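Here's the letter readout for the chains.
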Amino acid sequence: MQSSDGGWGAFDADNTRSVVRELPFLDFGEVIDEPSADVTAHTIEMFALLGLGDSEATRRGVRWLLDHQESGGSWFGRWGVNHVYGTGRRCPD
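What counts, and where the lines are drawn
- Residues numbered from 1 in each chain as written.
- Predicted model: local features only at pLDDT ≥ 70, side-chain atom pairs only at ≥ 80, totals over all residues.
- Heavy atoms only, no water.
- Helix = DSSP H or I, 4+ residues; strand = E, 2+ residues; numbered from the N terminus.
- Buried < 20%, exposed > 50% of the residue type's maximum accessible area, 1.4 Å probe, protein only.
- Contact = heavy atoms within 4.5 Å.
- Areas by Shrake-Rupley, 256 points an atom, 1.4 Å probe, with all protein chains shown as cover.
- Salt bridge = Lys/Arg side-chain N within 4 Å of Asp/Glu carboxyl O.
- Patch = residues over 30% accessible without salt bridge, like charges linked within 9 Å, V, L, I, M, F, W, Y side chains within 5 Å.
- Expected span 1.5 Å × (residues − 1).
- Arc of directions from axis to C-beta.
- Core = buried A, V, L, I, M, F, W, Y, C linked by side-chain atoms within 4.5 Å.
- Axes fitted to C-alpha atoms, helices over the stretch in contact; angles between N-to-C directions.
- Left-handed = near helix turned anticlockwise from the far one by under 90°.
- Nonpolar A, V, L, I, M, F, W, Y, C, P; charged D, E, K, R; others polar.

Observations concerning the overall build of the protein chain
Reasoning step 1: Per the secondary structure count, the protein chain includes 3 helices and 0 strands.
Reasoning step 2: What you see in the protein chain, going N to C, is helices and strands ordered as α-α-α.
Reasoning step 3: When each of the 93 residues of the protein chain is scored for burial, the buried share is 29%.
Reasoning step 4: In the protein chain, 52% of the contacts between residues at least 6 apart in sequence involve partners at least 24 apart.
Reasoning step 5: Only carbon and sulfur atoms are counted for the fraction: they give 57% of the accessible area of the protein chain, which is about 6,200 Å².

See the structure below:
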């Protein structure tokens, strides 16, 4: 479920059209699932552990992460909702 831009969202691929946020009956929260740094990094980590570190999907994901790095060097973690979570995740020893 990799999005066409190379990143991964939590539940859906290419669910990025923000116009749905403007629907008048939308009172139940977020409806789009844009790729995020934390989900993309977790997916890349899984691919690497499975021996797929050189796959095209992994390379596209790494490119997405590099393209979405904040100017200060961090990444925003949507699910952890802070920059420390988005930046600090690493592979377990």
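Examining the pattern of salt bridges
Reasoning step 1: As enumerated under the stated definition, the model contains 2 salt bridges in all.
Reasoning step 2: Put simply, E56 and R59 hold a salt bridge, and the shortest N to O gap is 3.0 Å. Of the two residues, E56 and R59 are both situated in helix α2 (residues 56-67); the distance of 3 residues between them amounts to about one turn of the helix.
Reasoning step 3: For D67, the salt bridge goes to R63, with nearest N and O atoms at 3.2 Å. With D67 and R63 both in helix α2, this residue pair falls 4 residues apart, about one helical turn.

Some thoughts on a nonpolar patch on the surface
Reasoning step 1: On the surface, M46, L50 and L52 cluster together into a nonpolar patch covering about 290 Å² of accessible area.
Reasoning step 2: Taking relative accessible area as the criterion, L50 reaches 59% and is therefore assigned exposed.

Here's the deal with α2
Reasoning step 1: Taking 1.5 Å of rise per residue, the 12 residues of α2 would be expected to cover 16 Å, and the 16 Å separating its terminal C-alpha atoms lies within 8% of that figure.
Reasoning step 2: What α2 keeps buried is the set T58, G61, W64 and L65. Down the axis of α2, the buried side of the element spans an arc of 120°, and every buried residue falls inside it.

Some thoughts on the nonpolar core
Reasoning step 1: Core analysis: the biggest nonpolar cluster contains 8 residues, these being W8, A37, V39, I44, F47, W64, L65 and W75.
Reasoning step 2: Mapped onto this core, the elements with two or more residues apiece are α1 (37-49) and α2.
Reasoning step 3: Sort the elements by how many residues they give to this core and α1 lands first, with 4 residues.
Reasoning step 4: In contact with F47, not counting residues within four places along its chain, are W8, L52, G53, S55, A57 and T58.

Considerations on the packing of α1 against α2
Reasoning step 1: Taken N-terminus to C-terminus, the directions of α1 and α2 make an angle of 150°; their axes are 10 Å apart at the nearest point. The element α1 and its partner α2 pack so that their crossing is left-handed. Contact residues: A37, T40, A41, I44 and F47 in α1; A57, T58, G61, V62, W64 and L65 in α2.
Reasoning step 2: The class makeup of the residues in the contact of α1 with α2 is 8 nonpolar, 3 polar and no charged.

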